[in-house]
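Chain by chain, the residues run as shown.
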Amino acid sequence: MEYGNYIYAPVIRTRTSELQGIAELREETKVKLLPRVDLAKLGQNHSVNNSLDQWLSSFSGPAILNLAPYEKLRVSEYDDLVDSSNNFRQWISFVEKSKCVNESLIPSIIYNNKVTKREFVKQVHELESQFNKIVLTVDPRKERDIQAALEAATVVNDIDNLLIILDCGQINPSRQKLALESTLDAINRLRSIDTSVEIVTASTSFPKSFASYCSDTAGEKGVIPMLEWDNYHTLGGRDVAIYGDYASVHGEFYETRGVFVARVDYPTPSEWIFERRRKLTDDQTGKQLYQLAAQEMINNEVWDDDLDLWSSNIIRKVSKGEIEKFASPSKWISVRVNLYIERIVDFLESGITPVLQEDEEVYW
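Note that this is a predicted model, so its numbers are computed, not measured. Numbering of residues begins from 1 in every chain and follows the order in which that chain's sequence is written. Residue-level local features of this predicted model are given only where pLDDT is at least 70; pairs of side-chain atoms are given and counted only at 80 or more, and the full residue set underlies all totals for whole chains, interfaces and linings. No hydrogens and no water enter the side-chain calculation; it runs on all heavy atoms of the structure.

### Looking at the sheet that holds strand β1 (residues 11–13)
Keep this limit in mind: A pair of strands counts as paired when DSSP detects no fewer than two bridges linking them. Helix numbering and strand numbering both begin at the N terminus, where a helix is a DSSP run of H or I of at least 4 residues and a strand a DSSP run of E of at least 2. Interaxial angle, 0 to 180 degrees, is taken between N-to-C directions of lines fitted to C-alpha atoms, where a helix line uses only the stretch in contact. Whether two residues are in contact is decided by their heavy atoms: any pair within 4.5 Å suffices.
Strand order in the open sheet formed by 4 strands is β1-β2-β3-β4, and the pairing between neighbours is parallel. Pairing within the sheet leaves two strands with one partner each, and these edge strands are β1 and β4 (105–107). If you compare each strand with its neighbour and ignore which way they point, the axes differ by 35° on average. Judged from the 3 bridges that link them, strand β3 (residues 63–67) and β4 form a sheet pairing that is parallel. When the sheet's bridge partners are listed, A63 is paired in β4 with L105. Running over the sheet, helix α5 (residues 85–101) touches β2 (36–39), β3 and β4 and is turned about 145° from β3.

### A look at the layout of surface pockets
The probe, sized like a water molecule, is rolled over the atoms to show the empty space still left. Rules: In the cavity and pocket records, a cavity denotes points on a 1 Å grid over the protein atoms alone where a 1.4 Å probe fits but cannot get out, a pocket denotes an open set with protein on both sides within 12 Å along at least 5 of 7 lines, and lining residues are residues with an atom within 4 Å of a point. Grid points are joined across faces, edges and corners, and a volume is the space filled by probe spheres set on the points. Each residue gets one of three labels, nonpolar for Ala, Val, Leu, Ile, Met, Phe, Trp, Tyr, Cys and Pro, charged for Asp, Glu, Lys and Arg, and polar for the others, Gly among them.
Space inside the second largest pocket adds up to approximately 850 Å³. Lining the second largest pocket are 32 residues, with P69, Y111, T137, K142 and D145 sitting closest to its centre. If you list the elements that add at least two residues to the lining of the second largest pocket, you get β1, β2, β3, β5 (134–138) and β6 (162–170). The biggest single contributor to the lining of the second largest pocket is β6, with 4 residues. The residue inventory of the lining of the second largest pocket, partitioned by class, reads 14 nonpolar, 8 polar and 10 charged.

### Overview of the environment of K317
Turning to its location among the elements, K317 is positioned in helix α11 (residues 310–319). Linking K317 and G219, residues 98 residues apart in sequence, is a C-alpha distance of 24 Å. For K317, the contacting residues outside a window of four places in its chain are E322 and I323.

### A word on the side chain of S58
The criterion, for reference: Here the term buried applies to any residue with accessible area under 20% of the maximum for its type, exposed to any over 50%, and partly exposed to those in between, with areas from a 1.4 Å probe on protein chains only.
By secondary structure assignment, the location of S58 is in helix α3 (residues 48–58). Assessed through its relative accessible area of 10%, S58 is described here as buried.

### Regarding unusual backbone geometry
At N87, a residue that is not glycine, the phi angle is positive and equals roughly 55°. Mapping N87 onto the fold places it in helix α5. Accessibility expressed as a relative area gives 18% for N87, which makes it buried. Of note, the phi angle at A247 is positive, near 55°, even though the residue is not glycine.

### With respect to the sheet that holds β5
With parallel pairing, the 4 strands of this open sheet are ordered in space as β5-β6-β7-β9. Of all the strands in the sheet, the pair left with one neighbour each is β5 and β9 (242–243). As defined by bridge partners, β5 adjoins β6 across 5 bridges and the pair is classed as parallel. When the bridges of β6 are listed, V138 appears paired with L166.

### What to know about the environment of I193
Tracing the backbone through its elements, the reader meets I193 in helix α8 (residues 173–193). For the pair I193 and A148, spaced 45 residues apart in the sequence, the C-alpha separation amounts to 13 Å. Not counting residues within four places of it along the chain, the set of residues in contact with I193 comprises L150, A153 and T154.

### Here we look at the packing of α5 against helix α6 (residues 117–131)
Filter applied, for reference: Working rule for angles: under 35 degrees goes down as roughly parallel, over 145 as roughly antiparallel, 65 to 115 as roughly perpendicular, anything else as oblique. When the near helix sits turned anticlockwise from the far one by under a right angle, the crossing is termed left-handed; a clockwise turn instead gives a right-handed crossing.
Relative orientation of the contacting elements α5 and α6 amounts to 20°, with a least axis distance of 11 Å. Classified by the angle their axes make, α5 and α6 are roughly parallel. Here the hand of the crossing between α5 and α6 comes out right-handed. Of the residues in α6, those in contact with N87, F88, R89, W91, I92, V95, E96 and K99 of α5 are E119, K122, Q123, E126, L127, Q130 and F131. Tallied by class, the residues present in the contact of α5 with α6 amount to 6 nonpolar, 3 polar and 6 charged.

### Re the packing of α11 against helix α12 (residues 329–350)
With their axes 7 Å apart at the nearest point, α11 and α12 run at an angle of 135° to one another. Classified by the angle their axes make, α11 and α12 are oblique. Across from W310, S311, I314, I315 and V318 in α11, the residues of α12 making contact are W332, S334, V335, N338 and L339. Tallied by class, the residues present in the contact of α11 with α12 amount to 7 nonpolar, 3 polar and no charged.

As structure tokens, then:
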């Protein structure tokens, strides 16, 4: 396989809501993805094998094996899998067993602040010699991470085996410029090692709070800029890198709290459009609130009535009050992830780009 054959590299956690959105993708969409799957504890079974099994039930194509780093999401074997003892033997053993189930799985290089340069280089050599294709994720805003990426690009036997993900994680308007400039600098430095090294740029600006994005006094509707999409195209788009993001999920894990709000999201080039409804009377149900939000979304001028996707059909049915199960936020994460990935793949294939402001420029 060649990394350049894929147009989109989303970061997906093995959480129930994200997995359902992935499972319901059309097959013609799945073959265009090279997801980085961040194996996270799932339900009551926190084992890494359970997380992998659930992933493989949702997606059977090539994917990058990675471990979710957040403590509340870590699989029970996390500490053992990132242990550098015996040249990361536990991680390599897990990858070996995983590839017996799906040969197209690609291992991430274990990299964190505890890994020494010597351990890192030995691991790169070992993973490449055993599995050929390997992936390194780094934060381009951190010099130590950039040095690791440069080292990997220098020591691999075949540069075509290496994919580097420049992952800025969660960004917002105040962090957007830094993410853009640091990613550009990292790309230039990596390409000075080898012009053919494949790179993914990744980040997410999907928020956890929506009140500040509402455009009406009732707080029922609004628009959220896709900062990661704008940055990617400012960098030069596919001529420079493969597109990656968090598939419309917040980059930092958090547990939801607060007052119930029914929200339906719809991606357009450069923006998410949302409709949200709160309870106005005690007798209103979640189903009724989602129905109202879905109705408004379908009536929005941006809605594409030609869409025939699992997610778009859910929105249509809920607008008619036909579905009982879609009355909780977790179900609507599945809908959002599915709709977002389907739409982003279409945007990328169609060459749809954001409209740059007059004071913006393409950096490549």
